[in-house]
2 protein chains.
Amino acid sequence: MTKLVIINFMKAEIIFIGTELLLGQILNTNAVFLSKELASIGIDCYYQTVVGDNKDRIKASFRAALERADLVITTGGLGPTSDDLTIECWAEFFEKPMIFDEAVLQAVKARFAKANKIMSPSNTKLAYRPESSLVLPNPAGSAPGIIWDVTELYRATSKAKGLNVNSKKLVLTFPGVPREMHAMWKETAIDFLSKEIHTAKKLFYKELKFFGIGESSLAERLQNLLDLEDPTVAPLVSEGECRLRIATKALNQEEAFTKIESIEKQIREKAQEFIYGQDSDTLESVVGKLLFEKQQTLAVAESCTGGLISKRLTDISGSSRYIKFNLVTYSNESKQKFLNVTSQSLESFGAVSEQVALEMAAGIKELAKTNWGMAVTGIAGTEGGTEDKPVGTVYLAIVGENFKEVKKLQLGNRSRSDIRWGTAQEAINWMRQILLSEKN
Amino acid sequence: MTKLVIINFMKAEIIFIGTELLLGQILNTNAVFLSKELASIGIDCYYQTVVGDNKDRIKASFRAALERADLVITTGGLGPTSDDLTIECWAEFFEKPMIFDEAVLQAVKARFAKANKIMSPSNTKLAYRPESSLVLPNPAGSAPGIIWDVTELYRATSKAKGLNVNSKKLVLTFPGVPREMHAMWKETAIDFLSKEIHTAKKLFYKELKFFGIGESSLAERLQNLLDLEDPTVAPLVSEGECRLRIATKALNQEEAFTKIESIEKQIREKAQEFIYGQDSDTLESVVGKLLFEKQQTLAVAESCTGGLISKRLTDISGSSRYIKFNLVTYSNESKQKFLNVTSQSLESFGAVSEQVALEMAAGIKELAKTNWGMAVTGIAGTEGGTEDKPVGTVYLAIVGENFKEVKKLQLGNRSRSDIRWGTAQEAINWMRQILLSEKN
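Residues numbered from 1 in each chain as written. Chains lettered and ligands numbered in written order. Predicted model: local features only at pLDDT ≥ 70, side-chain atom pairs only at ≥ 80, totals over all residues. Heavy atoms only, no water.

**Re unusual backbone geometry**
All names here are of chain A.
Next, step 1: Residue P231 follows D230 across a cis peptide bond; omega there is -10 degrees.
Next, step 2: Looking at the element boundaries, P231 is found in the loop between helix 9 (223-226) and strand 10 (232-238).
Next, step 3: Following G381, the chain continues to T382 via a peptide bond in cis, the omega torsion being 0 degrees.
Next, step 4: Here T382 is to be found in the loop between strand 15 (372-378) and strand 16 (393-400).
Next, step 5: At Q295, a residue that is not glycine, the phi angle is positive and equals roughly 50 degrees.
Next, step 6: Relative to the helices and strands, Q295 resides in the loop between helix 11 (283-294) and strand 13 (298-302). (Helix = DSSP H or I, 4+ residues; strand = E, 2+ residues; numbered from the N terminus.)

Right, dumping it as structure tokens:
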């Protein structure tokens, strides 16, 4: 297979600034957002760095990134407090004075006034930026960023000896707050960058999503496909699911589509039974689509998952078309009162049992007058495990017009939240399989 | 205030290996886990790097990390597939041959046998590691890591000119799968590292958690406290909440406690009304604790949040003591049938209205026979908004024995999931405030 030549791609690096990231106090969701956005406009990113609120280390990370990349994006450190150092560090790095922008100050003041708050003097800091940089406006918060073409400034440094005359060096700074960063990206940065990119090819990819097969089993089924150079096929694992990314760089969508489609076909031949969807599909969106197409409804009675399955099914916009009513029956009394679970079953087999799961599923179907009733009862921990029924024992039942089955899951040795998540995964996937296999 | 002298701390860097991270396909939860763990045993981490599955770039990141740190930890790239390059890269970096370990191969085979699976030949790769490195066993998966003391090897390179004779250079590799990485860390790595650390001081910190105040307003209330050098006080923002971290390095918990306590007292004097908890507290755990202490119960009827509030309240182990039964009433019919919402209210004011929210809250309290009834009805989007009631309009009601109130929220301009999350935050926090203000 011919390897595509990649011409004049812009290379980016992202520097995430904030001691809270190095201490593990927040999850770096900005990395996901920016990485996806860069890939979608064909900008490669080979390194990402996390650095704390320390001037020397921030500037050292600027130096390393500028040596390797054409575009340096930072998040964090734009606020009014004294540990917000990003803008100052850029000014110091290029030995440029900070200039004061009255218009920015007025905009910040107006934001405070609109929220009926008085702007404290510390916010004056937000109106300063390095000479020759431009404002990157923040429509969702008070701290703006900067857009700075530092090509000439960088060329003047000793580090730039090997710099191609066509190369650019660009700096963009964003705040760490995801909502503000997203708004700034969408309203200003993406247009600005699209104009800067002199590239013909973009990265295209498609993801296939699997359930019920592990990474290594999947890799074995597909062995030679994982070694391809174009398109590449890469396995990914997260939240109990396995995905395969088929990626290629192409001039346009049609070219990419043709290349990806032929690989997808080969993958489907080898592992179709485990594929539940693609790209933005989730188990709950696929179930939702099937229910909507069949004009059927589902009601869920949850015990150990406490509302998680209901929450996931209703994450989907438009889910009110097939979800009318769900119950969280945590206590035995509520299982009896609303779902007609019998006291005999509760006494003879316990609340965590096949019998109770089946009665709950039949009960919720009857109560909600839906096509399908689903029920979950189990021990999510950390309390409540016994020798017979250790933490992680879960019964899952689904009842339809001509369907009535129960499954036992053993999800031991995991955290409460992993047991609850795993249960929801199994429940939603099972509903999917039943809907697919059901004759229409 | 005297600045503490920090003696002989071990410095670490983490390199996260995987093109999927650079493409934004997975969230780097390993960063949170490892960062917290390193901080808890007093190991500083000044930089973290993300790099793709590319040998040259992986080795370049090894070089940079070894120059700056004593301990280099990697995640990812340990599996059997051809894009798993970490171990090979370490061997190539130090120009050491790979050795084959029969015992590792037998352990991998045994894992497959136990799961009634046949081991494919590709897994033989897992039994190779660089000469002179040790196995870092993986109790939760088939791919082990390595522990490698490379002090002498690194000293022999030109990069090591300035290396202190007491310095060590250690390498630890982990898989990217969080569950496996956690197990390897807990069973082997933490003990190994604890023995290697010749430090008297550890990092201690306490977090105070705030609701209803933004970062900049909080910073203004506390201005001089944020400039302290020891303990440091740093504001953090995530998921609509603001936290303050008070951190210090100390010889023992008592010393740290004394230093942190005096700062905490000053913070509480300035912003007590916004503090809902500390450290691992969440809004739902605090509400749970209050309900448990008062021996009261709560039932929730959710419309637009679809089970999220119920899910969050039952995230807490032991929540069955105060949560017996919750409802997700997505359809108007279910609001009428189970909660006695009147058709007059639905017709005159619509399902998203003060009146319906109050009737739902009273209805769920009556139905579940609890001390408190909470209800949420709103428009989470992306569909369903009107000019009068745009997406993000939410009514929140709470009814108790002697309490009956409703609140309107406007959470516009956000995603469906942010509107649902924000609604749950406001609802749970309001319950907390009511429980606190209620006379016992």
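**Describing the sheet that holds strand 3 (residues 71-75) of chain A**
Next, step 1: Reading across the sheet, the 12 strands line up as 6(A)-7(A)-8(A)-3(A)-1(A)-2(A)-2(B)-1(B)-3(B)-8(B)-7(B)-6(B) and stay open at both edges, with mixed pairing between neighbours. Each edge of the open sheet is held by one strand with a lone partner, namely strand 6 (134-136) of chain A together with strand 6 (134-136) of chain B. In this sheet, neighbouring strand axes are inclined to one another by 20 degrees on average, regardless of whether the strands run parallel or antiparallel.
Next, step 2: Bridge count for strand 3 (residues 71-75) of chain B against strand 8 (residues 170-174) of chain B is 5 bridges, and the pairing is parallel. From the neighbouring strand, T74 of chain B faces strand 8 of chain B, where its bridge partner is T173 of chain B.
Next, step 3: Seen against the sheet, helix 4 (residues 86-93) of chain A touches strand 1 (11-17), strand 3, strand 7 (145-149) and strand 8 (170-174) of chain A and runs at an angle of roughly 160 degrees to strand 8 of chain A.
Next, step 4: Together, strand 1 (11-17), strand 2 (44-51) and strand 3 of chain B form the strand contacts of helix 2 (residues 29-40) of chain B, whose direction differs from that of strand 1 of chain B by roughly 165 degrees. (Pairing = 2+ DSSP bridges. Axes fitted to C-alpha atoms, helices over the stretch in contact; angles between N-to-C directions. Contact = heavy atoms within 4.5 Å.)

**Some words on the confidence of the model for chain A**
Parts of the prediction with low pLDDT should not have their coordinates interpreted in detail.
All names here are of chain A.
Next, step 1: Here chain A averages 90 in pLDDT, and 94% of its residues register 70 or above.
Next, step 2: Counting contacts from residues 1-8, a segment whose pLDDT is below 50, to residues more than four positions away or on other chains yields 14 contacts.
Next, step 3: Predicted complex metrics record ipTM = 0.71 and pTM = 0.73. (pLDDT = per-residue confidence, 0-100.)

**So, the packing of helix 2 (residues 29-40) of chain A against helix 7 (residues 178-196) of chain A**
Residue and element names in this part refer to chain A.
Next, step 1: The contact between helix 2 and helix 7 brings their axes to 10 Å, and the two run at 15 degrees. Classified by the angle their axes make, helix 2 and helix 7 are roughly parallel. Crossing of helix 2 over helix 7 shows right-handed handedness. On the side of helix 2, the interface is formed by T29, N30, F33, L34, E37 and L38, while helix 7 contributes P178, M181, H182, W185, K186 and I190.
Next, step 2: Classifying every residue of the contact of helix 2 with helix 7 gives 7 nonpolar, 3 polar and 2 charged. (Parallel < 35°, antiparallel > 145°, perpendicular 65-115°, else oblique. Left-handed = near helix turned anticlockwise from the far one by under 90°. Nonpolar A, V, L, I, M, F, W, Y, C, P; charged D, E, K, R; others polar.)

**Things to note about the pattern of salt bridges**
Next, step 1: This model, assessed by the stated rule, comprises 46 salt bridges over all chains.
Next, step 2: Two residues, E273 of chain A and R221 of chain A, come together in a salt bridge whose shortest N-O distance is 3.2 Å. Of the two residues, E273 of chain A is situated in the loop between helix 10 (253-271) and strand 12 (275-278) and R221 of chain A in helix 8 (residues 215-221); the sequence distance between them amounts to 52 residues.
Next, step 3: Residue E273 of chain A is classed as exposed on the basis of its relative accessible area of 52%.
Next, step 4: Exposure remark for R221 of chain A: the relative accessible area of 35% places this residue in the partly exposed category.
Next, step 5: The salt bridge partner of E92 of chain B is K59 of chain B, with a shortest N-O separation of 2.7 Å. Of this pair, E92 of chain B sits in helix 4 (residues 86-93) while K59 of chain B sits in helix 3 (residues 55-68), placing them 33 residues apart in sequence.
Next, step 6: Several salt bridges converge on common partners, so that one network encompasses K55, K59, E88 and E92 of chain A. (Salt bridge = Lys/Arg side-chain N within 4 Å of Asp/Glu carboxyl O. Buried < 20%, exposed > 50% of the residue type's maximum accessible area, 1.4 Å probe, protein only.)

**A look at the side chain of T75 of chain A**
Next, step 1: In this fold, T75 of chain A is placed in strand 3.
Next, step 2: When neighbours within four sequence positions are excluded, T75 of chain A is seen to be in contact with I15, F16, I17, N30, L34, F174 and P175 of chain A.

**A short note on helix 9 (residues 253-271) of chain B**
Next, step 1: Taking 1.5 Å of rise per residue, 19 residues should cover 27 Å, and helix 9 of chain B covers 25 Å from first to last C-alpha, within 8% of that figure.
Next, step 2: With a side-chain oxygen positioned 3.2 Å from the backbone nitrogen of E254 of chain B, the residue opening helix 9 of chain B is N252 of chain B. (Expected span 1.5 Å × (residues − 1). Polar contact = N/O pair within 3.5 Å; in protein donor to acceptor, adjacent residues only side chain to side chain.)

**Here's the deal with the sheet that holds strand 15 of chain A**
Next, step 1: With respect to topology, 10 strands assemble into an open sheet ordered 17(A)-16(A)-15(A)-13(A)-14(A)-14(B)-13(B)-15(B)-16(B)-17(B), the strand pairing being mixed. Each having just a single partner strand, strand 17 (403-410) of chain A together with strand 17 (403-410) of chain B make up the two edges of the open sheet. If you compare each strand with its neighbour and ignore which way they point, the axes differ by 10 degrees on average.
Next, step 2: Across 5 bridges, strand 13 (residues 298-302) of chain B lies against strand 15 (residues 372-378) of chain B in parallel orientation. Residue pairing for strand 15 of chain B: E302 of chain B is matched across the bridge by V376 of chain B.
Next, step 3: Of the strands in this sheet, strand 14 (325-329) of chain A together with strand 13, strand 14 (325-329) and strand 15 of chain B touch helix 12 (residues 332-339) of chain B, which is tilted by about 145 degrees from strand 14 of chain B.

**Quick word on the interface of chain B and chain A**
Next, step 1: Taken together, the 86 residues of chain B in the interface contact 85 residues of chain A.
Next, step 2: For the pairing of chain B and chain A, the buried interface totals around 6700 Å² over both sides, and the portion due to carbon and sulfur atoms is 55%.
Next, step 3: Taken together, the connections running from chain B to chain A amount to 4 salt bridges.
Next, step 4: Residue R321 of chain A is joined to E383 of chain B by a salt bridge in which the shortest nitrogen-to-oxygen separation is 3.3 Å.
Next, step 5: Where chain B touches chain A, the interface holds 48 residue pairs in polar contact (both at pLDDT 80 or more). (Buried area = accessible area lost by both parts, 1.4 Å probe.)

**Structural notes on the relation of the copies chain B and chain A**
Two copies of the chain are present, and they differ by a rotation about an axis and a shift along that axis.
Next, step 1: Between the two copies, chain B and chain A, the superposition gives an RMSD of 0.2 Å; the rotation angle is 180 degrees and the shift along the axis is 0.2 Å. The transformation just described matches what one would write down for a two-fold rotation axis.
Next, step 2: Looking at the interface residues of chain B, 99% of them are also at the interface in chain A, so both copies use one shared face. (Least-squares fit on C-alpha atoms with pLDDT ≥ 70 in both.)

**Section: the environment of A31 of chain A**
Next, step 1: With respect to the helices and strands, A31 of chain A occurs in helix 2.
Next, step 2: Sequence spacing of A31 of chain A and T75 of chain A is 44 residues, and the spatial spacing of their C-alpha atoms is 9.3 Å.
Next, step 3: The residues contacting A31 of chain A, other than those within four sequence positions of it, are F16 and Q48 of chain A together with G24 of chain B.

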